[in-house]
Amino acid sequence: MATGKLASDYEAWKKLQALYQSKRSSYVLKDLFAADPERFSKYSVEFKTSAPAVDILLDYSKNLIDTEVLAGLFALAREANVEQFRDDMFAGKHINTSEDRAVLHIALRNPPVSEGGWDIKEEGATTGVQEVLAHMKEFSEQIRSGSWKGYTGKAINTIVNIGIGGSDLGPVMVTEALKHYSQRNLQLHFVSNIDGTDLAEVLRQCDPETTLFIVASKTFTTQETITNAESAKEWFLTSAKDKAHVAKHFVALSTNTEGVTAFGISEANMFQFWDWVGGRYSFWSAIGLSIAISIGFDNFREVLNGAHEMDKHFKSTKLEENLPVILALVGIWYNDFYGAQTQALLPYDQYLHKFADYFQQGDMESNGKTVTKDGSRVDYETGPIIWGQSGTNGQHAFYQLIHQGTKLIPCDFLAPAETLNPIAGGKHHEILLSNFFAQPEALAFGKTEQQVVQELGPKQSQNAALVKSKIFEGNKPTNSILFQKLTPGTLGALVALYEHKIHVQGAIWGINSYDQMGVELGKVLAKAILKQLPDPKDVTGHDSSTTGLIHWYQAHRNK
Ligand SMILES: O=P(O)(O)OC[C@H]1O[C@](O)(CO)[C@@H](O)[C@@H]1O
């Protein structure tokens, strides 16, 4: 935010606050829909591209908004210089101010200028990107075809990605989302947790002769990843004996050449990326190697292409028709004026079962901040708590609270029009989609006391408590996102849509969405504690609770 202001200083913010206070009771979905038969067509936008073929419909009509609120939200975006901030990102300016870095994950999905991409004027971005992509293509094809051989001459059939946070969640989410396109004879595993159980359980399923370990770490200093990678190497060498064989079974994805070579992986087996790729925005980079191996490089390129189309939309579409901007502004309306604490992501597509997990990091590590870029403490809410699960499982778990609980939970529903698995003549998909349509309708329009009484009949309606328990107040806001089918291009576009939403919200709140200082303190304390764990006498410098817990652990371990 170039202005150095708090979001709450903006005139548009104050107007929105006043609107919320004075007219909140008129934002009733039932009435808003009754008053305007055109509401759906007014408040829905379609994003359609031909190469790759992507068709996404965003219906935001079931939100507690009217033209006045929307005008206020768009005015807020303009007053906060959202367009300038967006353009600064695309121009490679160092919008990650605390780390003095550009934010250029968008360059990773940008085709070369010769193929219609635009020029990103930053640190030779496009050249390096294309070289690494070529390396990824070559390597992934060797693995998929079986021409890359392990130390005993056998082809690789098992891939273990060792990484955490952005070096894990993106590859996990995308390989799950695009499993339909995967090469089924390749087993894919992800090890992230420092808990030895994670690695041990995966290694039980691996044969050292046919396993490839991908060590994914931007910094190559992350304790969990390096420890897991060292243990994996030890396990491998127990069979392979000769360290020279590591070259056939370990590759690294990193920005840190020194760290990678010190670990014992040669530069030739390293896939480079750059400090202008944030960890949680990195599966578009070399971090996506496991994706390219699983679904093939051409499909991986389609993921990038789909995202690139969304980038172009974000960059050049006016705010009023700009999908990421709309999602961001509607989210701010609930987060900052209605006081909603969370945002649910509810994909009605089993392949997207990791989508909410992925955006927990994407959104919460980006916008979970209390100070603005110039160090002022905000006096409003910033990033929401992101959570969710695929439908219809969520319906049988937590939807009760969304429908009848005391909390306001804005929800995004996502679903494909076409399923990739039309089993039983498409019956499953019809049932799934009927739920996808029904839930936002139920949330918006609820069920009145009168309807309940009618349903229960005169006798049961005598029971006032029963009647009350069956009322759905409704007026719960949702976005519905329908897309043609879950293709690689569509997934890329959907992820870029949410990334840019996060960007816009961060811009309005005036925070730096691209650092993650909040993860540091715990890491530092853990390092100090690790040294104290062998001997109770060394446990000093803590509060009585922490000391007590450590002492209890020391007395109980290995019992
Ligand atoms: O890729 P690296 O450097 O191992 O970092 C892993 C993750 O750790 C974090 O720095 C903090 O959780 C994330 O931002 C990042 O995705």
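Quantities reported herein were computed from a predicted structural model and do not represent experimental measurements.

Engineer: Would you mind showing me how to read the overall build of the protein chain here?
Structural biologist: From N to C terminus, the protein chain includes 23 helices and eleven strands. The C-alpha atoms of the protein chain give 25 Å as radius of gyration, which agrees with the globular expectation for 559 residues (24 Å, within 12%). Taken along the three principal axes of its C-alpha coordinates, the protein chain extends 80 × 65 × 60 Å. Taking all 559 residues of the protein chain together, the buried fraction comes to 54%. Put simply, 74% of the contacts in the protein chain that link residues at least 6 apart link residues at least 24 apart. Accessible area of the protein chain: about 23,900 Å², with a carbon and sulfur share of 52%. Distance between charge centres in the protein chain, computed from 52 positive and 64 negative side chains, equals 4 Å.

Engineer: Even after reading the chapter, I still don't get the sheet that holds strand 10 (residues 411–416), so can you show me in this structure?
Structural biologist: Sheet strands associate in pairs through backbone hydrogen bonding, adopting either a parallel or an antiparallel arrangement. Spatially, 1-2-11-10-8-9 is the arrangement adopted by the six strands of the open sheet, whose pairing is mixed. The sheet is open, and its two edges are formed by strand 1 (44–50) and strand 9 (385–387), each paired on a single side. Within the sheet, the average angular offset between the axes of one strand and its neighbour, ignoring direction, is 15°. Of the strands in this sheet, strand 1, strand 2 (53–59), strand 10 and strand 11 (478–483) touch helix 15 (residues 323–338), which is tilted by about 30° from strand 2. On top of the sheet, helix 21 (residues 488–509) reaches strand 1, strand 2, strand 8 (342–347), strand 10 and strand 11; it is set at about 45° to strand 2, its chief contact.

Engineer: Is there a simple way to think about the pattern of salt bridges in this case?
Structural biologist: Two side chains carrying opposite charge are able to pair once their charged atoms lie near each other. Using the criterion set out here, one finds 27 salt bridges in the structure. Between Lys42 and Asp36 there is a salt bridge whose closest N-O contact spans 2.6 Å. Among the salt bridges present, the one from Arg280 reaches Glu365, with a minimum N-O distance of 2.9 Å. One end of the pair, Arg280, is in the loop between strand 7 (270–272) and helix 13 (289–295); the other, Glu365, is in helix 16 (residues 355–367), and 85 residues separate them in sequence. Exposure remark for Arg280: the relative accessible area of 4% places this residue in the buried category. Each of Glu99, Arg101 and Asp275 takes part in a single network of salt bridges with overlapping partners.

Engineer: Looking at this structure, I do not really get the packing of aromatic side chains. What am I missing?
Structural biologist: Here the structure, examined in full by the defined rule, presents 35 aromatic pairs. Consider the rings of Phe90 and Phe314, whose centres lie 6.3 Å apart with planes at 50°: the pair is tilted. Of this pair, Phe90 sits in helix 5 (residues 82–90) while Phe314 is found in helix 14 (residues 297–316), placing the two residues 224 residues apart along the sequence. On the basis of relative accessible area, Phe314 is assigned to the buried category, the value being 0%. Aromatic pair Tyr334 and Tyr338: ring centres 5.6 Å apart, planes at 55°, arrangement tilted. In this pair, Tyr334 and Tyr338 both sit in helix 15, four residues apart, roughly one turn of the helix. Here Tyr334 matches Tyr338 in class, with each residue buried. Members of the aromatic cluster, connected to one another through ring pairs, are Trp13, Tyr20, Tyr27, Trp333, Tyr334, Phe337, Tyr338 and Tyr380.

Engineer: Help me out: how do you make sense of the site of the ligand in this one?
Structural biologist: Looking at the ligand, there are 13 residues lining it, with Ser167, Ser217, Thr219, Thr222 and Glu365 nearest. At 2.7 Å from an oxygen atom of the ligand is found a main-chain nitrogen or oxygen belonging to Gly166. Between the ligand and Thr222, the relevant distance is 2.5 Å, taken from an oxygen atom to a side-chain nitrogen or oxygen of the residue. Coverage of the ligand by the protein chains reaches 87% of its 400 Å² of free accessible surface. Of the residues that constitute the shell around the ligand, the class distribution is two nonpolar, nine polar and two charged.

Engineer: Can you help me understand the sheet that holds strand 4 (residues 187–191) in this one?
Structural biologist: The five strands lie next to each other as 4-3-5-6-7, forming an open sheet whose pairing is parallel. Bordering the open sheet on either side are strand 4 and strand 7, each of which pairs with just one other strand. The average angle at which neighbouring strand axes cross in this sheet is 20°, direction not considered. Two strands pair when backbone bridges link them, and strand 5 (residues 211–216) and strand 6 (residues 250–254) are joined in this way by four bridges, in the parallel orientation. Directly across from Ala216, in strand 6, lies its bridge partner Leu253.

Engineer: Can you help me understand the environment of Ser231 in this one?
Structural biologist: The topology assignment puts Ser231 in helix 10 (residues 223–240). Residues Ser231 and Gln343 lie 112 residues apart in sequence; the distance between their C-alpha atoms is 38 Å.

Engineer: Is there a simple way to explain the packing of helix 15 against helix 21 in this structure?
Structural biologist: Helix-helix packing: each pair is described by the crossing angle between the helix axes and the interaxial distance. Packing of helix 15 against helix 21 brings their axes to within 8 Å, and their N-to-C directions diverge by 50°. Looking at the two axes, helix 15 sits oblique to helix 21. In this structure, helix 15 crosses over helix 21, and the sense of that crossing is right-handed. Between helix 15 and helix 21, the contacting residues are Leu323, Pro324, Val325, Leu327, Ala328, Leu329, Gly331, Ile332, Asn335 and Asp336 on the first element and Leu497, Tyr498, His500, Lys501, Val504, Gln505, Ile508 and Trp509 on the second. In terms of residue class, the contact of helix 15 with helix 21 is built from twelve nonpolar, four polar and two charged.

Engineer: I keep staring at the environment of Val113 and nothing clicks. Help me out?
Structural biologist: Take Val113: it is sitting in the loop between helix 6 (105–108) and helix 7 (125–145). Residue classification places Val113 among the partly exposed positions, given a relative accessible area of 48%. For the pair Val113 and Gly163, spaced 50 residues apart in the sequence, the C-alpha separation amounts to 32 Å.

Engineer: Got a minute to help me understand helix 8 (residues 169–177) in this structure?
Structural biologist: Every α-helix carries 3.6 residues per turn, so stepping three or four residues along brings you back to the same face. Burial analysis of helix 8 places seven of its nine residues in the buried class, the great majority of the element. Those residues of helix 8 lying buried are Gly170, Pro171, Val172, Met173, Val174, Thr175 and Ala177. Where the residues of helix 8 are buried, they touch strand 4, helix 13, helix 16 and helix 21.

Engineer: I'm lost on the packing of helix 14 against helix 21 in this one. Help?
Structural biologist: Closest axis-to-axis distance for the helix 14/helix 21 pair is 7 Å, and the angle between their directions is 40°. By the angle between their axes, helix 14 is oblique relative to helix 21. Of the two elements, helix 14 crosses helix 21, and the hand of that crossing is right-handed. Together, Asn299, Glu302, Val303, Gly306, Ala307, Met310, Asp311 and Phe314 of helix 14 and Pro488, Gly489, Gly492, Ala493, Ala496, Leu497, His500, His503 and Val504 of helix 21 make up the contact between the two elements. Its residues assigned to classes, the contact of helix 14 with helix 21 shows nine nonpolar, six polar and two charged.

The rules behind these values
- Residues numbered from 1 in each chain as written.
- Predicted model: local features only at pLDDT ≥ 70, side-chain atom pairs only at ≥ 80, totals over all residues.
- Heavy atoms only, no water.
- Helix = DSSP H or I, 4+ residues; strand = E, 2+ residues; numbered from the N terminus.
- Rg over C-alpha atoms; globule rule 2.2 N^0.38 Å.
- Buried < 20%, exposed > 50% of the residue type's maximum accessible area, 1.4 Å probe, protein only.
- Contact = heavy atoms within 4.5 Å.
- Areas by Shrake-Rupley, 256 points an atom, 1.4 Å probe, with all protein chains shown as cover.
- Lys, Arg positive; Asp, Glu negative; His and termini not counted.
- Charge placed at Lys NZ, Arg CZ, Asp CG, Glu CD.
- Pairing = 2+ DSSP bridges.
- Axes fitted to C-alpha atoms, helices over the stretch in contact; angles between N-to-C directions.
- Salt bridge = Lys/Arg side-chain N within 4 Å of Asp/Glu carboxyl O.
- Phe/Tyr/Trp six-rings, centres within 6.5 Å; stacked < 30°, edge-to-face > 60°.
- Near = heavy atom within 4 Å.
- Polar contact = N/O pair within 3.5 Å; in protein donor to acceptor, adjacent residues only side chain to side chain.
- Nonpolar A, V, L, I, M, F, W, Y, C, P; charged D, E, K, R; others polar.
- Parallel < 35°, antiparallel > 145°, perpendicular 65-115°, else oblique.
- Left-handed = near helix turned anticlockwise from the far one by under 90°.

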